[in-house]
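# Commentary on secondary and tertiary structure
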Amino acid sequence: MGKSRKTIQIVILFAVLLLGGYAIWAALFGGDDAGRPEAGGEPPSFTLADTAGGVQSLSDYEGQPVVINFWGSFCEPCVKEMPEFERQYEKWKDRGLAILAINLSEDTLTVNNFVSRFDLSYPILRDVDRKIERQYGLRQYPTTFFVKPDGTIMEVVVGGMLESDINERVERLLEL
Amino acid sequence: MSLVEFSGDVFLVAFFLYCFSFLFYVIAVTGKRWSGREPREHERRWGKIAFVVSLAGLAAHLAFFFTRWAGSGQIPTSNMYEFMTFLAMAIMIAFTIVFAIYRKPLLGMFAVPLTIIIVAYASVFPSEVQPLIPALESIWLKVHVTTAALGEAFFAVGFAAGLMYLLRVIDFKDTSKSGRKAQRWVEFTLYTILVIVGFLIAVFAFRGAGYEATFTQEKLVIDSQGQQQDVKETVHYYLPPIVKPYNSQAESVEPFLGLDKPLLEAPSWMNGVNAGRKLNTVVWSIIAGTLLYGLLRLLFRKPLGAVIHPALEGVNPEDLDEISYRAIVIGFPVFTLGALIFAMIWAEKAWGRFWGWDPKEVWALITWLYYSAYLHFRLSRGWQGLPSAWLAVIGFVIVLFTLIGVNLIIAGLHSYAGV
Amino acid sequence: MLAVENTKCECGHQNAVGTVLCESCGKPLDAALQQSSEPLEMRYDGVARRSQKSNPAIIDRIWNFFSSVKIAIYLIVVTFVTAMLGTIYPQESSFINSFDATTYYEENYGTPGKIYYELGLSHTYESWWFIGLLVMIGTSLVICSLDRVLPLYRALQKQQIRKHHQFILRQKTVYRSEIAGDPKEWVEKFGAQLKRKGYKLHFEEGTGTALLAEKNRFSRWGPYINHIGLILFLLAVLARSIPGWQMDSYVSVPDGDTVPIAGTNYYVKSEKFNVEFYTDDELPEELKGTARAKKYETQAVLYKCVANCDDPLKEPELEEVMDHNIIVNDPLVYKGLKLYQFDFNLTPRLNAVSPILEDKRTGEIYGPFYLPMKNPELKHQLGPFTLEIRANYMEFALDSEGKPTTLSREPNAPAFIFSVKGPGLAEEGEPYIYFPMQKDKVKFAQDTINRELAGKIEIRVDGMENVDFSEATTHLNVRMDKALPYLWVGAVFSMVGLILGSYWQHRRIWLRVDGTELALGAHTNKNWFGMRSDVAGALKKIGVEIDPKTLDNGGNNA
C-alpha cells in the first residue's frame, strides 16, 4: 500500500516535471517558426524550376557549400549584386560552390530579360506566388543565406553586399 | 412615439422607482427606532413596500431593455450607456434573487443605491443607438455580455453585503491602533463612493448648465507608412478646465466662478485619446466628492461609518458574512461561463483565436483568479468574517476596473465602448 | 524505538496517522481537541490527507508543497498580480506591424517604459516565468485534488451511523432536547420529513434510534470535476505548442486571384470582395460622415491541390472543395482549416487589358489582343502587324543611369516595350512603349518616347469593358487549432464541476436518541442558512417549532 502510493507520487511528479518542463522550454526557446531561419539553423527545403527548363532542389546540393540569394529586378541592390555573384561563381565553382539565385515571383519575361542582360551562368530559380520567400520569412531584399556543406546556415545577410563581402564569406564557407 | 423613445421614458420611471425604493428601505431600517412603533412589524411592513417598489423598478427596467431591443433591432449591450444600464439591471436581478433567499431588507438599503449610482453613471454616456460594426454582430456577443454582467452583478451584491458587514462589525469607539486602521479604511471606502457620486453631480450639474470649453491639441502621430505627422485635434470639455490637455491652446473657455483659463496642464505622458479631459474629470470628481464628504461630516459631526453603524445594529453579522459569500458563490459560475467561456467562443468565432491576451481579456482573467482565490481563502481557517468582507469589497473594485477602468485607461479590442 | 502515536479510537477503529476525527465514530482524536467545546473543523471529514502521512522525504516535501491550499492561493495571487503588470503598457504581441521593441517602449513611455521592457513585462504572457506560474498552478491543481479527493471518497463511503456525542454536539448546527414517547417512532417520523426534503436515510440497524440523513453528496465532487476540467484545459493549451497543431498566418487575395495557403495543400480564391458602409441616415448625430463599416464579405472558394502540387514545371491541378462567403464572425471552415475575414484594401489592381492597334495612316483598327500584366503571350499577330513583347515593367521608372527599370513587382504603373513590324515600318521592327494606364501615359509622355512611330500607329484600350482589374484585396487570417476540441471539453468539465459545487450543497444530519435524550447535529459544506432551515422545517412538521437561528452553534461559515 505504502509502496504503491510512493510510486504514484513519483509517477505524477515525473509527469508534471516532463510536461511543465516542456511548457517552460517551449516558452524559452520555442520562438515563432514563421520567422526567418537564423545562423545555425537549417534552411527550409525547396524544389523550383530554373530558367533552363529544369528543376532544382536544395537537396541536390547536399554536402556542398551553397549561397541562396533572393533577388528581384525591382530591387536595385539586388541588381547590383548579380554580376558580382557571377564573378564569384566563376571563381569558386570548381571548388564546389553552388549559387542558387531565387527570383521573387516575377514573370517569365522579366526574369529572362534580366538573365540574358547580365549573362548569368549560375542557376536562376523561379519562386511562384512567394511561396519559398514566405518560408524563408523575408522582409527585405536582397537577403542572402550562406549555407555550409553540413547543411546549416553560416550567416544571413540582409541588404546588398560588395564583391569583397561576398568573397570573404565564400572563403569562410570553403574553409580556406 | 417610437419604441426607442418610449424605452427612454420607461427608463426614467425605473430610475425614480429605484430612488423611492431606496428611500423606503432607509425608512424600513432606520425607522425601527422611531417612537411608538413595533420595530419588527415596522421593518416587515416597510421592507415589503420597498421590495415591491424595487420590483416595480426592475419591471420598468426590463421594459426599457426589451423595448429598446425591439426598437433598435439590436440587443442594447453594445456601447457603454447600454452596457451600464444592463449591469444595473443585472444587479437588481441578482439582488432580487439573493433577497428571495435571505429576506433581509437591509440588503436593499445597500444594493439599490449601487444600482442607482450605476444607472446615473450610464446616463453620462451618449444614449443614442449606434449601429454595430461587423465584429459585434454575433449571437455569442449577446450571450457573453449578458452572462458576464449577471455574474458581475452577483459580485456587486456580495460587495454590498461585505460593506454592510464591515460597517456592522467595525467598532467606531475602538481607539486601538488596529481599530483605528479599520475605521480609516471603511471611511476611505465610503469616501471613494462619494467621489463617484461627486463625479455624477459635477457632470450633470455642468451638463444642465450647458457648460463647454474647447481646446486644440497638437500631436505627433506616426502613420502606417512610418511618416510623422502633426495632427491637430479639437478637444471639448464639458467641465470647467482645471487641467488642460498637454500641448494645447484654449479656443474658448466659458468662465466659471472666475475661472476663465486652465490652471494646470496634463503631463506629456498622458497621450491617450482625450487623456487631458479624463484627468480633468478625475480632478473634478475628487473636488466634488471631497466637498460632499466634508458637508456630510459637518452635518453629522462624526465619521460616516459611525453614522451608518447604528442602523445596522441588531443585524447578525454572520448572516451578512454568509450572504456575501453566497452571492459570490452564486455569481462565480455565471461569471466563468459569461466572461471566460462564452468570451472565448466569441473570440474564436470573430478573430480565430480563443484567447489573445487583450487587456480586457486579461482583466477578466484577473477577476476570475481573484474570486477563485477568495473561494479558496474561505476554506482556510481565520479568513471568514472580516477578511472575507474586505476581499469582497476589493473584488468589486477589480470588477469595476475590468468593466470601466480598462476602457478608460488601457485601449484594446474592446475599446469600442470607450468614452 | 520511535514512539508510535496511538491512532486507535475508543470505538475500536484504527485510524491513519494525521486523522483528526475518528473515521468511524467521529470522536476527536487529539487530546486538546477533546477538551475544547468549540465547533469541530469538518474539512474532509477530519480524515488524514495523503500528504500528511508518513515522515517526509524529498519527494514528500515537494508533494506537500503543492498539496497545500495556502500555496495554491499564493500561486493564484502572484499570477494575477503579474498579469496586472502585463497590462500597464501594450504587449509586444499586440503589434501586427513589425516594430523595434528595444526602442519602442523607451521612446513612447520614457524611463518607466524602458524598465518595463528590461524586466520582460512587454511579453509577460509568453515569458518563461509566467508560463512557469501556470505550470505550478496546474501541478497544484493535480496534487491538491488527488490529495483530498481519495481520502474524502473513502470517508464518505464508510460512514458510521451512530456518531460520538462529542461529534454530534460540536457541529455548527445542533439541536438537543428531551423527547417523549418511543424513540424509534420519533426517529422514523422525523426521518420521513427529511425524506420529503430529498434526504437519503440510513437508520441504525437493529435499534433504529440513530439516523444519518444525507443529500447531494455529489456536490462534493464538483470542485474536483472543475479541477479536472482546468487541467484538461491547461493541457490543451500546452498541446498547441506541438508543431503542426496550430497555425496562424495571413493571406492576401486580390479579387479573382487564386492564392496558395502556405503550409497547406489548399488554395483560396476570392471571387469578389464586398464592403458596405452605413449611410448617414443610419448613423446617430455624432457619427455622421464617418465611414462605419456595416459588413464586409469575401466570396471565397477553397481548392485542394490534387496533382502536380510540388512540381514546379507544371501547373498544380486544383479541385474545388468548398465555397463560402466569409464575413466577420462567420469564417470558412474546412476540416479544421479556418479562414477569417481580417482586413481589406480597396486599392484597385490592374490585371489585364485588351488593347487594339490603330494604323493612324489608314484609320484601320486591328485587335483587340489580350495582354495580362503577368506572363503575357510574347507574340501577337494583328492584321499585317506583328507585335513582340521585348520587355515589361510592373512599376515603370528610370534608374540613375536613365535606363528603364521597375520599382516593384506589383502592376502599379505597368509598361510594355513592343517591337512592332508591319507595313511601312523598319524590317527589324521598331520599338514602341505602351502604358496601359492613362495616368502613366501622360506622366511618362508615351508619345514623346515613341517619337515618329507615335504618328504611325497607336496601341490603346477602347472602353472600360476591355480592362480587367481587381477592385479590392481581401486579407484573410488562416487558422488551424487542433487542440480546440480538447479545450472545449476542458471548459465543459470545469463548468459542470462549478455548477455542481456551487448550486448544490452536501448536507448531512446525524441524530441519536439515548433514552429520552435527543442529540442532533448537522453539517454542510456551504450554505448554513439552508441547512438550518432544513432541520427547523423538518422539526416543525413534527410539531417542534423553533427559530432556525437558534440551531446555530457558532463557529465559522466555512
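The structure presented is a predicted model; accordingly, all values stated were derived computationally and were not measured. Within every chain, residues take consecutive numbers counted from 1 along the sequence as written. Written order decides the labels, with chains lettered from A and ligands numbered from 1. Given that this is a predicted model, residues contribute local features only at a pLDDT of at least 70 and side-chain atom pairs are listed and counted only at 80 or more, while totals for whole chains, interfaces and linings are drawn from all residues. The side-chain numbers reported here are obtained from all heavy atoms of the structure, hydrogens and water having been left aside.

## Some remarks on the sheet that holds strand E19 (residues 415-421) of chain C
Strand pairs in the sheet, formed through backbone hydrogen bonds, run parallel or antiparallel to each other. Residue and element names in this part refer to chain C. For clarity, the threshold we go by: Strands are treated as partners if at least two bridges between them are detected by DSSP. Note on conventions: DSSP H or I runs of at least 4 residues are helices, E runs of at least 2 residues are strands, and numbering of each starts at the N terminus. Here an axis means a line fitted to C-alpha atoms, over the contact stretch when the element is a helix, while the angle between two N-to-C directions is reported on a 0 to 180 degree scale.
The 4 strands lie next to each other as E15-E16-E19-E20, forming an open sheet whose pairing is antiparallel. The sheet is open, and its two borders are formed by strand E15 (379-382) and strand E20 (430-434), each paired with just one other strand. Across this sheet, the average inter-strand angle for adjacent strands is 30°, counted without regard to direction. Pairing geometry for E15 and strand E16 (residues 385-393), over 4 bridges, is antiparallel. Opposite His380, over in E16, you have Leu387 as the bridge partner.

## Some thoughts on the state of the cysteines
A covalent bond between the sulfur atoms of two cysteines is referred to as a disulfide. Note the threshold: Here, a disulfide means two cysteine sulfur atoms that sit within 2.5 Å of each other. Burial classification: accessible surface area is computed with a 1.4 Å probe over protein chains only, and a residue below 20% of its type maximum counts as buried, one above 50% as exposed, and the rest as partly exposed.
Inspection of the entire model under this criterion finds 2 disulfides over all chains. The residue that forms a disulfide with Cys75 of chain A is Cys78 of chain A, at a sulfur-sulfur distance of 1.9 Å. In this structure the cystine formed by Cys75 of chain A and Cys78 of chain A twists about its S-S bond by roughly 85°; its chirality is therefore right-handed. Like Cys75 of chain A, the residue Cys78 of chain A is buried in the burial classification. With a sulfur-sulfur separation of 2.1 Å, Cys305 of chain C is cross-linked through a disulfide to Cys309 of chain C. On the sign convention where negative means left-handed, the S-S torsion of about -115° between Cys305 of chain C and Cys309 of chain C marks this disulfide as left-handed.

## Some remarks on the interface of chain A and chain C
By a frequent convention, interface size equals the accessible area lost on bringing the separate parts together. Worth spelling out the cut-off: By the convention used here, residues are in contact when the closest approach between their heavy atoms is within 4.5 Å. Defined here as a combined quantity, buried area equals the accessible surface (1.4 Å probe) lost by two parts on assembly, summed across both. For this document, the term salt bridge refers to a Lys or Arg side-chain nitrogen within 4 Å of an Asp or Glu carboxyl oxygen. Contacts described as polar in this section are N or O atom pairs within 3.5 Å, which, within protein, must combine one atom able to donate a hydrogen with one able to accept it, while residues neighboring in sequence count only if both atoms come from side chains.
Each side of the interface is counted separately: chain A has 39 residues, and chain C has 45 residues. Buried area between chain A and chain C, summed over both chains or domains, comes out near 3,500 Å², and the portion from carbon and sulfur atoms is 61%. Across the contact surface, chain A and chain C share 3 salt bridges. The salt bridge involving Glu133 of chain A is made with Arg409 of chain C; its shortest N-O contact spans 2.8 Å. At the junction of chain A with chain C, the criterion picks out 12 residue pairs in polar contact (both at pLDDT 80 or more). At the level of elements, helix H1 (2-29), strand E1 (47-50), helix H3 (108-118) and helix H4 (131-135) of chain A are the ones that each hand at least two residues to the side of chain A that touches chain C.

## Observations concerning the interface of chain C and chain B
Stated precisely, the cut-off is as follows: Throughout, the ten residues Ala, Val, Leu, Ile, Met, Phe, Trp, Tyr, Cys and Pro are labelled nonpolar, Asp, Glu, Lys and Arg are labelled charged, and all others, Gly among them, are labelled polar.
Listed per partner, the contact involves 63 residues of chain C and 59 residues of chain B. Regarding the contact of chain C and chain B, the summed buried area is about 5,100 Å², with carbon and sulfur atoms giving 62% of it. Between the two partners, chain C and chain B, sit 3 salt bridges. In this structure, Lys338 of chain C engages Glu348 of chain B in a salt bridge whose closest nitrogen and oxygen atoms are separated by 2.6 Å. Where chain C touches chain B, the interface holds 10 residue pairs in polar contact (both at pLDDT 80 or more). Those elements giving two or more residues to the side of chain C that touches chain B turn out to be helix H3 (69-85), helix H8 (222-239), strand E7 (293-307), strand E10 (337-345), strand E23 (473-481), helix H12 (484-503) and helix H13 (528-541) of chain C. Here the side of chain C that touches chain B takes 9 residues from H12 of chain C, the largest share from any one element. A breakdown of the residues in the side of chain C that touches chain B according to their chemical character gives 32 nonpolar, 13 polar and 18 charged.

## Digging into the sheet that holds strand E4 (residues 98-103) of chain A
All names here are of chain A. Spatial ordering of the open sheet is given by E2-E1-E5-E4-E3-E6-E7, a layout of 7 strands whose pairing is mixed. In this open sheet, the two edge strands, each paired with only one partner strand, are strand E2 (55-57) and strand E7 (153-158). Taking the axes of each pair of neighbouring strands and ignoring which way they run, one obtains an average angle of 30° across the sheet. Pairing of strand E3 (residues 66-71) with E4, which is carried by 6 bridges, proceeds in the parallel orientation.

## Side note on the UniProt feature "transmembrane region" (unreviewed entry) in chain C
Residues and elements named next belong to chain C. The criterion, for reference: UniProt positions are given in the numbering used here, feature names are shortened, and annotations may be inferred rather than shown by experiment.
Annotation from UniProt places "transmembrane region" (unreviewed entry) at residues 71-89, 128-150, 224-242 and 486-504. For residues 71-89, helix accounts for 79% and strand for 0%, while the C-alpha atoms at its two ends are 29 Å apart. What you have in residues 486-504 is 95% helix and 0% strand, and the ends, taken at the C-alpha atoms, are 27 Å apart.

## With respect to a nonpolar patch on the surface
Rule in force here: Like charges within 9 Å and nonpolar side chains (Val, Leu, Ile, Met, Phe, Trp, Tyr) within 5 Å are joined into patches, using only residues over 30% in relative accessible area that form no salt bridge. Note on areas: Shrake-Rupley with a 1.4 Å probe; residue coverage comes only from the protein chains shown.
Residues Trp25, Leu28 and Phe29 of chain A together with Trp128 of chain C make up a contiguous nonpolar surface patch of about 500 Å² in total accessible area. The element best represented in the nonpolar patch is H1 of chain A, accounting for 3 residues. Relative to the helices and strands, Leu28 of chain A resides in helix H1. Overall, the relative accessible area of 46% leaves Leu28 of chain A in the partly exposed class.

## Considerations on the domain arrangement of chain A
Note the cut-off: In this entry, domain limits derive from an automatic or database-based domain assignment.
For chain A, the assigned domains read domain 1 (1-31) and domain 2 (47-173). Measuring from the centre of the C-alpha atoms in domain 1 of chain A to the corresponding centre in domain 2 of chain A gives 47 Å.

## Some remarks on the confidence of the model for chain A
Short version of the rule: Per-residue confidence from the predictor is given as pLDDT, running between 0 and 100.
Residue-level pLDDT values for chain A average 85, and 94% of them are 70 or greater. Within chain A, E3 of chain A carries the highest mean pLDDT (91), whereas H1 of chain A carries the lowest (83).

## Some details on the packing of helix H9 (residues 317-351) of chain B against H12 of chain C
Quick reminder of the rule: An angle counts as roughly parallel when it lies under 35 degrees, as roughly antiparallel when it exceeds 145, as roughly perpendicular when it falls between 65 and 115, and as oblique in every other case. Should the near helix be turned anticlockwise from the far one by less than a right angle, the crossing is termed left-handed; should it be turned clockwise, right-handed.
Running from N to C, H9 of chain B and H12 of chain C cross one another at 165°; their axes reach a closest spacing of 10 Å. Judged on the interaxial angle alone, H12 of chain C and H9 of chain B are roughly antiparallel. For H9 of chain B against H12 of chain C, the interelement crossing comes out left-handed. In this structure, H9 of chain B contributes Arg326, Val329, Ile330, Phe332, Pro333, Val334, Thr336, Leu337, Ile341, Met344, Ile345 and Glu348 of chain B to the contact, and H12 of chain C contributes Leu484, Trp488, Ala491, Met495, Leu498, Ile499, Ser502 and Tyr503 of chain C.

## Observations regarding the side chain of Ser419 of chain C
All names here are of chain C. By the element assignment, Ser419 lies in strand E19. Judged by relative accessible area, which is 6%, Ser419 ranks as buried. Beyond its immediate chain neighbours, meaning those up to four positions away, Ser419 contacts Thr386, Leu387, Glu388, Arg390, Glu428, Gly429 and Glu430.

## Looking at the environment of Asn345 of chain C
Residues and elements named next belong to chain C. Mapped onto the fold, Asn345 is located in strand E10. Take Asn345: its relative accessible area is 32%, and that puts it in the partly exposed class. Residues Asn345 and Pro431 lie 86 residues apart in sequence; the distance between their C-alpha atoms is 36 Å. Apart from the residues within four sequence positions on either side, Asn345 is in contact with Ala472, Thr473 and His475. Here the side chain of Asn345 touches Thr347 through a polar contact of 2.7 Å, side chain to side chain.

## Focus: helix H4 (residues 105-122) of chain B
Definition in use: The span expected for a helix works out to 1.5 Å for each residue beyond the first.
With 18 residues, H4 of chain B extends 26 Å from end C-alpha to end C-alpha; this agrees with the ideal 26 Å at 1.5 Å per step. Most of H4 of chain B sits out of view: 18 of its 18 residues are buried.

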